Amino acid sequence: MESRSRRSLTRSKADLPTSLRRAWYHLRLSVRDPTRVRTWDAIVLTAASPEQADLYNWQLNRAKRMGRIAPSTITLAVPDPNGQRIGSGAATLNAIFALAKHLHHLSLIDSPVAGSSKQNSDNEIPVQQLVELIRKKHILLLHAGGDSKRVPWANPMGKVFLPLPYMAADDPDGPVPLLFDHILAIASCARRAFHNEGGLFIMTGDVLPCFDAFSMVLPEDTASIITVPITLDIAANHGVIVASKFGSSTDAHSVFLVEDLLQKPSIDDLVDRRAILDDGRTLLDTGIIAVKGTAWVDLVMLACSSQPMISGLLQSKKEVSLYEDLVAAWVPAKHEWLKGRPLGGELVTALGKQKMFSYCAYDLLFLHFGTSSEVLDHLNGTGSGLVGRRHLCSIPATTVSDIAASAIIISSKIAPGVSIGEESLVYDSSISTSIQIGSQSIVVGVNVPEAQKMTNETSFKFMLPDRHCLWEVPLVGHTERVIVYCGLHDNPKISLSQDGTFCGKPWMKVLSDLGIHDADLWGSKENKDKCLWSAKIFPVLSYSKMLQLATWLMGLSNQEDEYLLRLWKISDRISLEELHRSIDFSKMWLSSTNHQADLATGIVSACLNFGLLGRNLSQLCQEVLQNDVSGIKTCKEFLSICPKLEAQNPQILPKSRAHQVHRDLLLACNDEQMAAEMDHKVWAAVADETALAVRYGLKADSSQDSLGQSFQLKKVKVELPVRVDFVGGWSDTPPWSLERSGCVLNMAITLEGSLPVGTIIETTKKPGLSIIDDAGNEIYIENISSIAPPFDSNDPFRLVRSALFVTNIVNGNIFQSTGLQIKTWARVPRGSGLGTSSILSAAVVKALLQITDGDDSNENVTRLVLVLEQVMGTGGGWQDQVGGLYPGIKFSSSFPGIPLRLQVNPLLASPQLNNELHQRLLVVFTGQVRLAQRVLQKVVIRYLQRDNLLVSSIRRLVELAKIGREALMNCDIDELGDVMLEAWRLHQELDPFCSNAFVDKLFAFSDPYCCGYKLVGAGGGGFALLLAKTAESGKELRRLITENSDFDIEVYDWEISL
């Protein structure tokens, strides 16, 4: 046991960019391959009303469509019963019960006797049956049913779905990231802590907790609350945990028993309850709760039998809080207090046998989105470097508008003549000419029509002052959307008597300046209830009149204007509280969806008509199609432009890209048959473009004829090493390498003391061609000139045929009266990932050129093999043949153009480096068969689609190759390990199926002994590189994995081939 007094005071907070990027990487991996990277069985959101629950279900479906949630994950939004508030604790029980019922309903649908079971009503489902359905499920529960009083502009959408464009620039054609999306990313890492035993992970919808959730280890059979040390001033506005003095601790976290719970404590409270740590801070309740094992089963039992208790709450109009009441049941010191609370006795009886622990994550960065000013602070302060300030928007030229560089414009259309101040946020809006938006302001869901469209009423120039919020809300039963506004720092909960404010001014001054009475706003309410939340201040009129009154109410026009005062008084008016209950969620969602579709339509249209197809049109068209009325029609109009695109100069617009756009648009129009035909054109174009880039400028070889005129027996043998790649693969692959620079760091090695790949070619007096491989296959071809593509993918001699074709031997006169015998071998396991196919191709091509006195230089052979792989139909880049043809460790680069230029730079490794690498690097065959072509096709298609995440990943691999080169030259093997680890993560970003459960298990087992590991080549199986931390670690790891019966693998002896 360790005293909490030993906690280090120097631990640093998580780096926000690093934490989020790793979390998003894990989220994408879990969505694409949930069988390998476990994801949540269910994601549940609480909602304030059935209407809000419908909106949340739309958002959950959106998240599935956009790849934020796995298709296999069950999603559910659960409203408070009858829309009546029951508190977050009771809402938790209600949500678990609702999910259990939902699972029961799904089980009836899946059951072959579902019809006969439907006679039982929900109330008749046995509790134990519900418990069994849910107890082994892994559930993420997000509390999102609050009324967002302090972020009122987020109230209609739900605060958890407010825009948070962190890392938006990483995917400029994707949807705007929401707070919800980032929470999902962090939560995906926490799933690992539950193993496969079931459990509940609760988060709150207004906090983004950035920490290393992937490494979290939670106590068994208990509830745990995630905490972080925080200063006392922040703690005064949140919950605080009092932990015991002894527990377990590491440099990253500590686990201590919870002794007490405090809510918004004063400093005196913190001192009296011994809640202050030795460093002067206290433990903040982050709102994250994990429930596992017995504690989880207890909670499920309670939830599945909770409906009578919840009915009692509804009748008494009382609430049960999660953080004050339900959690207190796991803290013995709170039991007596809890028994005096609603349902307190029931909570203690059901849950009180288990304890609660504090899991203190020292690195946790607590980003709270509890107020409007906090939202802007996180966008322009802590995470400003991550923010995409222009995303999926239409913005005029700088000469006809005045938009600050620091303003954040996302999912919005801005007309010329608009001014937007510094650090303001404009989201999901259309802003017309002559509108001025001040600095540090927030505009959401506003659609200001052009002046001429605002009926015949007098138009005017609308201005939103600095530090204000403006939004619109569609109401049930109203045609016009209500315009709503307040000051950035207004707290709608603070009353008139407590110096509450409206638009930044005290209520008493507002009333005095405007000449209105508090009875106009609050009627006969008591003083404590007179606040912005309850003030009937927002008129429901025509749009232009609402704008005029907004200007008047904000104090920007003549406040003694009797006409405006009279107009305001006679108008129907509504408060924020009434708005919350009257939002037309379906109209709001439809309007937002169509707005996004219109923006995407404009971007696609501009890209097709004016650009070079640099956007991800496949992704954008998915947004276009969200408009159910015009989406398909719009995509068909785009499709009609394709012939013009395909007719462009291929030096300006590659045919492969034009064909890919055509294919994507066909898929958007649901024409799968034509899309399949276009797919063949895409791959043919890639092959043609590769051949053109490689063959351009090469002189025809005239040596073949001279050999044929004076026949002599000739025999050539070529043996080559295999290659292992450290980093940079994929940047060598067409069409990337034809359009962008590529860099690869790899090494030629022998296996078990020999060069494993080779060929023997000899001339024969008998005409024709004989081919023999090391698998015992043999064929005789009488007429060599008959060899021509396309070649059968099942032909075991396709490689040799392609080599004869690309070396032009099939078209020469050399073998009209003589013949050839070709023997090939590759003494490595099939699907090794060691570049065997390309290296064998290089050996055959080199031998053919030698036997015909052609140009057998490594550079020429490398280029010809690149063409050969396109002819074969397997695709592939240049790194494999470079790895085998050139000795030792080398850093190789390619430069796009016609011709494609390659530069191979040998690394003159010191004896020290060679020795350390040999001692620490394990070359292991995993026994998993892989086929690079399948992975390659997915990656190439994503590149042709201009998938931004893929492009940025390959760019990073190029950077890492340069970093790895410097590491090797500095003999820094540990840094090379870091490079390998990041490269392996990026390879899984490119294609999650480049790994599998066996490989994951092998790497997890090896991790304590390694500083780096990865599969070689494209992954999917084959060989792995394990870079040990020390020579001793390398020996120990080799012994352990060879002796472990879980791993049927082979560790090969290797040497650098020099």
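Each value, and the rule that gives it
- Residues numbered from 1 in each chain as written.
- Predicted model: local features only at pLDDT ≥ 70, side-chain atom pairs only at ≥ 80, totals over all residues.
- Heavy atoms only, no water.
- Pairing = 2+ DSSP bridges.
- Helix = DSSP H or I, 4+ residues; strand = E, 2+ residues; numbered from the N terminus.
- Buried < 20%, exposed > 50% of the residue type's maximum accessible area, 1.4 Å probe, protein only.
- Arc of directions from axis to C-beta.
- Contact = heavy atoms within 4.5 Å.
- Polar contact = N/O pair within 3.5 Å; in protein donor to acceptor, adjacent residues only side chain to side chain.
- Axes fitted to C-alpha atoms, helices over the stretch in contact; angles between N-to-C directions.
- pLDDT = per-residue confidence, 0-100.
- Parallel < 35°, antiparallel > 145°, perpendicular 65-115°, else oblique.
- Nonpolar A, V, L, I, M, F, W, Y, C, P; charged D, E, K, R; others polar.
- Salt bridge = Lys/Arg side-chain N within 4 Å of Asp/Glu carboxyl O.
- Phe/Tyr/Trp six-rings, centres within 6.5 Å; stacked < 30°, edge-to-face > 60°.
- Lys NZ or Arg CZ within 6 Å of the ring centre and 35° of its normal.
- Core = buried A, V, L, I, M, F, W, Y, C linked by side-chain atoms within 4.5 Å.

(A) Spotlight on the sheet that holds strand β13 (residues 390–391). Read across the open sheet, the six strands follow the order β13-β15-β18-β21-β23-β24; overall the sheet is mixed. Single-partner strands in this sheet number two, and they are β13 and β24 (481–487). Across three bridges, the pairing between strand β18 (residues 425–427) and strand β21 (residues 442–444) is parallel. Residue pairing for β21: Val426 is matched across the bridge by Val443.

(B) Structural view of helix α18 (residues 562–570). Every buried residue of α18 is listed here: Leu564, Leu565, Leu567 and Trp568. Seen end-on, α18 carries its buried residues on one side only, within an arc spanning 165°. The exposed residues of α18 that point more than 90 degrees off its buried face are Glu562 and Ile570. The elements touched by buried residues of α18 are α15 (507–514), α16 (518–522), β27 (538–540), α17 (543–553) and β28 (572–574). Put simply, Asp561 is the residue that caps the front of α18, since its side-chain oxygen is 2.9 Å from the backbone nitrogen of Tyr563.

(C) Representation of the sheet that holds strand β32 (residues 757–764). Read from one edge to the other, the open sheet built from five strands follows the order β29-β32-β35-β33-β34, with strand pairing classed as mixed. With one partner strand each, in any of the chains shown, β29 (715–720) and β34 (778–781) form the two edges of the open sheet. Neighbour to neighbour, the strand axes of the sheet diverge by 10° on average, direction disregarded. Here β32 pairs with strand β35 (residues 819–826) via eight bridges, running antiparallel. Bridge pairing in β35 places Ile761 opposite Ile822. Helix α28 (residues 798–806) rests against β33 (768–772), β34 and β35 of the sheet, and its axis sits at about 130° to β35. Sitting on the sheet, helix α29 (residues 836–851) touches β29, β32 and β35, and the angle it makes with β32 is about 30°.

(D) Quick peek at the confidence of the model for the protein chain. Per-residue confidence for the protein chain gives a mean pLDDT of 91, with 94% of residues at or over 70. Across residues 1–10, confidence stays below pLDDT 50; counting only partners more than four residues off in sequence or on other chains, it has 24 contacts. Throughout residues 114–122 the model reports pLDDT below 50, and contacts reaching past four residues in sequence, or to other chains, amount to five contacts.

(E) Representation of the packing of helix α2 (residues 50–65) against helix α20 (residues 585–610) in the model. The N-to-C vectors of α2 and α20 enclose an angle of 25°; their axes lie 9 Å apart at closest approach. Accordingly, the angle class assigned to the pair α2 and α20 is roughly parallel. When α2 is examined against α20, the residues Glu51, Gln52, Leu55, Trp58, Gln59 and Arg62 are found in contact with a partner set consisting of Phe585, Ser586, Met588 and Trp589. Its residues assigned to classes, the contact of α2 with α20 shows five nonpolar, three polar and two charged.

(F) Here's a closer look at the pattern of salt bridges. Evaluated as defined, the whole model comprises 47 salt bridges. Arg85 is the partner of Asp80 in a salt bridge, and the nearest nitrogen-oxygen pair spans 3.7 Å. Put simply, Arg920 and Glu916 hold a salt bridge, and the shortest N to O gap is 2.6 Å. With Arg920 and Glu916 both in helix α32 (residues 911–920) and four residues apart, the pair spans about one turn of that helix. Residues joined by salt bridges that share partners form a network here, namely Asp80, Arg85, Asp147 and Lys149.

(G) Highlighting the side chain of Ser1033. If you trace the backbone, Ser1033 turns up in helix α37 (residues 1031–1043). Ignoring sequence-local partners within four residues, the contact set of Ser1033 consists of Tyr1009 and Ala1028.

(H) Seen up close, the packing of aromatic side chains. One pass over the structure, following the stated rule, counts 19 aromatic pairs. Between Trp984 and Phe1003 the ring centres are 5.6 Å apart and the planes differ by 85°, which places this aromatic pair in the edge-to-face class. You can see Trp984 sitting in helix α35 (residues 973–990) and its partner Phe1003 sitting in helix α36 (residues 997–1006), a full 19 residues away along the chain. Exposure remark for Trp984: the relative accessible area of 5% places this residue in the buried category. Residue Phe1003 is classed as buried on the basis of its relative accessible area of 3%. The rings of Tyr485, Phe502, Trp507, Trp522 and Phe538 are connected pair by pair, giving a single aromatic cluster. Over the face of the ring belonging to Phe214 we find Arg192, whose NZ or CZ atom lies 4.6 Å from the ring centre.

(I) The pairing of strand β23 (residues 468–474), seen in detail. Summarising burial for β23: seven of the seven residues are buried, a large majority. Along β23, one buried face is formed by His468, Leu470, Glu472 and Pro474 and the opposite face, lined by Cys469, Trp471 and Val473, is buried too. By the bridge criterion, three bridges tie β21 to β23 in an arrangement that is parallel. Residue pairing for β23: Val444 is matched across the bridge by Trp471. Of the pairings in the sheet, the one linking β23 to β24 comprises seven bridges and is antiparallel in character. Residue pairing across strands places Val473 opposite Val482, the latter belonging to β24. Between β23 and the antiparallel strand that follows it, β24, lie six residues; Gly477 among them carries a positive phi value of about 85°.

(J) Structural view of the environment of Gln673. Counting through the fold element by element, Gln673 comes out in helix α25 (residues 672–695). Accessibility expressed as a relative area gives 61% for Gln673, which makes it exposed. Distance from Gln673 to Lys318, taken between C-alpha atoms, is 60 Å for residues 355 residues apart in sequence.

(K) Molecular detail of the nonpolar core. Counting residues in hydrophobic clusters, the biggest one holds 148 residues, and the most contacted among them are Trp153, Phe180 and Leu208. Of the residues forming this core, the biggest block, nine residues, is contributed by helix α6 (residues 179–190). For Phe180, the contacting residues outside a window of four places in its chain are Leu45, Leu60, Ala63, Ile69, Leu142, Val160 and Phe161. Val686, Val694, Cys743 and Trp878 belong to the second largest nonpolar core, which has 103 residues in total.

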